[in-house]
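# Commentary on secondary and tertiary structure
The lines below spell out each chain.
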Number of protein chains: 2
Amino acid sequence: MRYLIKFSYDGTLFHGFQYQEGFRTVQECLERAATHINNNKKVNIVCSGRTDKGVHALGQIAHLDLEVNITPYKLKRALNSNLPDDIHVIEAIEVKDDFHSRYAVISKTYQYRINMKEYNPLRRHYCYQHNYPLDVFKMKEAIQYFKGTHDFRAFVTENKEKKNCIRTIFEVSIGEDQDELVITFKGNGFLRYQVRNMVGILIKVGTGKIEAKEVKEILDSKVRGKHGCCAPAEGLCLLEVNYHN
Amino acid sequence: MRYLIKFSYDGTLFHGFQYQEGFRTVQECLERAATHINNNKKVNIVCSGRTDKGVHALGQIAHLDLEVNITPYKLKRALNSNLPDDIHVIEAIEVKDDFHSRYAVISKTYQYRINMKEYNPLRRHYCYQHNYPLDVFKMKEAIQYFKGTHDFRAFVTENKEKKNCIRTIFEVSIGEDQDELVITFKGNGFLRYQVRNMVGILIKVGTGKIEAKEVKEILDSKVRGKHGCCAPAEGLCLLEVNYHN
């Protein structure tokens, strides 16, 4: 039986989502818990897309196949009782055998948080501390250039010749939540480090190092040049993954 | 020269505020940083009142005496560069030599956070997870009994015969902040575990284990009986300490 699980994790103490020999990863913890439930027959967790070291998730999605018969509600409970306190399964659903958590994605929403006010130790793992003021008005102008369908090659950190860097961003926004600036992107998919690189450029706009309209030039250049700067992992959170239905 | 400092800390990795041989405490970290600035002459940090293991602070106050001449702004910066990332000095002010951070307190505000919704790993150190619904309406009725001047003997965990357990609570409130219930107490002072014991009783009211009006009976009894239950440390935060002027 195939199940979809929706889960959250605090990325602080994980070496990212994906399994890595010798490191604590979200995938490893989930697979260990699921394998235990599956009478110790190895279970593979296939997620909607990996997140990097230090990045959080509040609505990550994965699928898994189990040989044992278990209701979704009991699966949720059984997983949670076998998971550490920095991962939590929010929901489990039975899905068709051909459902695929990565291929079937329609959209994903990422949120990036920046604190421009006084440093708050209670928030140190969940937002990027920026000690200088940012011109939010200019950032709001600049973020609009990311909307739509573009070749995001200029915002990929790795210099591999990716066959396809074309992605569509449906929605962008910059808002405030108490002391934090909250930057949101909703798109059909994101390349590795793309969100953090886009935020890095927006911060450059906010500090006046580059003009808002230069964001368009960088995007159009399709070259990752010296403008590059990747915003730190702790500010990033995968909020939501959407599928058909 | 005497200075007042306002500071915040994440209580998660501290064994409380007060110095304890062999444990990591907020006082020890602050004294080490201040002593370093004071040309290695031992500095004592006198705070407005200790907080227990796991309890947070966003506006704790202390005073300290330094032999070196340093502006408040430089003191703030120097302390922060010598402190770990879970303590942060928000402000330093020069005060008169007879100012005392504990004796001069007029009021303190504590906040307690409870999550009644889905467990959120990103909030696990900053709120108490309560997996069953609470009747907030009844809790709002019950909390009113704490307002005013009372002998709070029934809400002290230790069974020492405290000479004076009379305290005044000026303001109480129960509100909501996103998924969390936020309980606030402002008073002229609080006994050890008093806030967590009051919250523990409010949770009993919220779950229907006792009636709202029984809170008054317990308070009037001045006896800490079997009703006692101390809400976990992680939900508690010292928000503010107020002085004359």
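Structure report, in brief.

What counts and how
- Residues numbered from 1 in each chain as written.
- Chains lettered and ligands numbered in written order.
- Predicted model: local features only at pLDDT ≥ 70, side-chain atom pairs only at ≥ 80, totals over all residues.
- Heavy atoms only, no water.
- Contact = heavy atoms within 4.5 Å.
- Buried area = accessible area lost by both parts, 1.4 Å probe.
- Salt bridge = Lys/Arg side-chain N within 4 Å of Asp/Glu carboxyl O.
- Polar contact = N/O pair within 3.5 Å; in protein donor to acceptor, adjacent residues only side chain to side chain.
- Helix = DSSP H or I, 4+ residues; strand = E, 2+ residues; numbered from the N terminus.
- Buried < 20%, exposed > 50% of the residue type's maximum accessible area, 1.4 Å probe, protein only.
- Axes fitted to C-alpha atoms, helices over the stretch in contact; angles between N-to-C directions.
- Parallel < 35°, antiparallel > 145°, perpendicular 65-115°, else oblique.
- Left-handed = near helix turned anticlockwise from the far one by under 90°.
- Nonpolar A, V, L, I, M, F, W, Y, C, P; charged D, E, K, R; others polar.
- Phe/Tyr/Trp six-rings, centres within 6.5 Å; stacked < 30°, edge-to-face > 60°.
- Least-squares fit on C-alpha atoms with pLDDT ≥ 70 in both.

## What to know about the interface of chain A and chain B
Contact residues are listed per partner, giving 23 residues for chain A and 23 residues for chain B. Counting each side, the surface lost to burial between chain A and chain B is near 1900 Å², with a carbon and sulfur contribution of 53%. Summed over the three residues of chain A that lose the most area to chain B, namely A:Glu118, A:Leu122 and A:Arg124, the buried surface amounts to 31% of that side. Inspection of the region where chain A meets chain B yields 6 salt bridges. A:Glu118 serves as the salt-bridge partner of B:Lys76, at 2.7 Å between the closest nitrogen and oxygen. The interface formed by chain A and chain B includes 12 residue pairs in polar contact (both at pLDDT 80 or more). At the level of elements, strand S1 (2-9), strand S3 (56-65) and strand S4 (87-95) of chain A are the ones that each hand at least two residues to the side of chain A that touches chain B.

## Thoughts on the pattern of salt bridges
All names here are of chain B. In the structure shown here, the tally under the stated rule is 30 salt bridges over all chains. Put simply, Asp52 and Arg192 hold a salt bridge, and the shortest N to O gap is 2.6 Å. Within this pair, whereas Asp52 is found in the loop between strand S2 (46-47) and strand S3 (56-65), its partner Arg192 is found in the loop between strand S9 (180-187) and helix H4 (194-206), the two being separated by 140 residues in sequence. By relative accessible area, which is 14% here, Asp52 ends up buried.

## Examining the environment of A:Phe146
Residue and element names in this part refer to chain A. Structurally, the position occupied by Phe146 is in the loop between helix H3 (136-143) and strand S7 (148-151). For Phe146, a relative accessible area of 0% puts it in the buried group. Considered as a pair, Phe146 and Leu219 are 73 residues apart in the sequence and their alpha carbons are 8.1 Å apart.

## Side note on the packing of H3(A) against helix H4 (residues 194-206) of chain A
The axes of two packed helices give the description: the angle between them and the distance between them. All names here are of chain A. With their axes 8 Å apart at the nearest point, H3 and H4 run at an angle of 140 degrees to one another. Judged by the angle between their axes, H3 and H4 are oblique. In the packing of H3 onto H4, the handedness of the crossing is right-handed. Of H4, the residues touching H3 (which contributes Lys138, Met139, Ala142 and Ile143) are Leu202, Ile203, Val205 and Gly206. Its residues assigned to classes, the contact of H3 with H4 comprises 6 nonpolar, 1 polar and 1 charged.

## Remarks on the packing of aromatic side chains
The description of an aromatic ring pair rests on the distance of the ring centres and on the angle between the ring planes. Overall, the coordinates contain 15 aromatic pairs over all chains when judged by the stated rule. Members of the aromatic cluster, joined through ring pairs, are A:Phe7, A:Tyr9 and A:Phe17.

## Focus: the side chain of B:Gln60
Residues and elements named next belong to chain B. With respect to the secondary-structure elements, Gln60 resides in strand S3. A distance of 2.6 Å separates a polar atom in the side chain of Gln60 from a polar atom in the side chain of Ser48. Engagement of the side chain of Gln60 in a polar contact is seen with the backbone oxygen of Gly49, the distance being 3.0 Å. If we skip the residues at most four places from it in the chain, Gln60 touches Ile5, Lys6, Phe7, Tyr9, Phe17, Cys47, Ser48, Gly49, Thr51, Leu238 and Val241.

## Re the relation of the copies chain A and chain B
Each copy superposes on the other: chain A lies on chain B with an RMSD of 0.0 Å after a rotation of 180 degrees and an axial shift of 0.0 Å. Such a turn and shift between the copies fits a two-fold axis. Among all C-alpha atoms of chain A, that of A:Arg123 lies closest to the rotation axis, at 4.9 Å. Taken as a fraction of all interface residues of chain A, those also at the interface in chain B reach 100%, which identifies the copy contact as same-surface.

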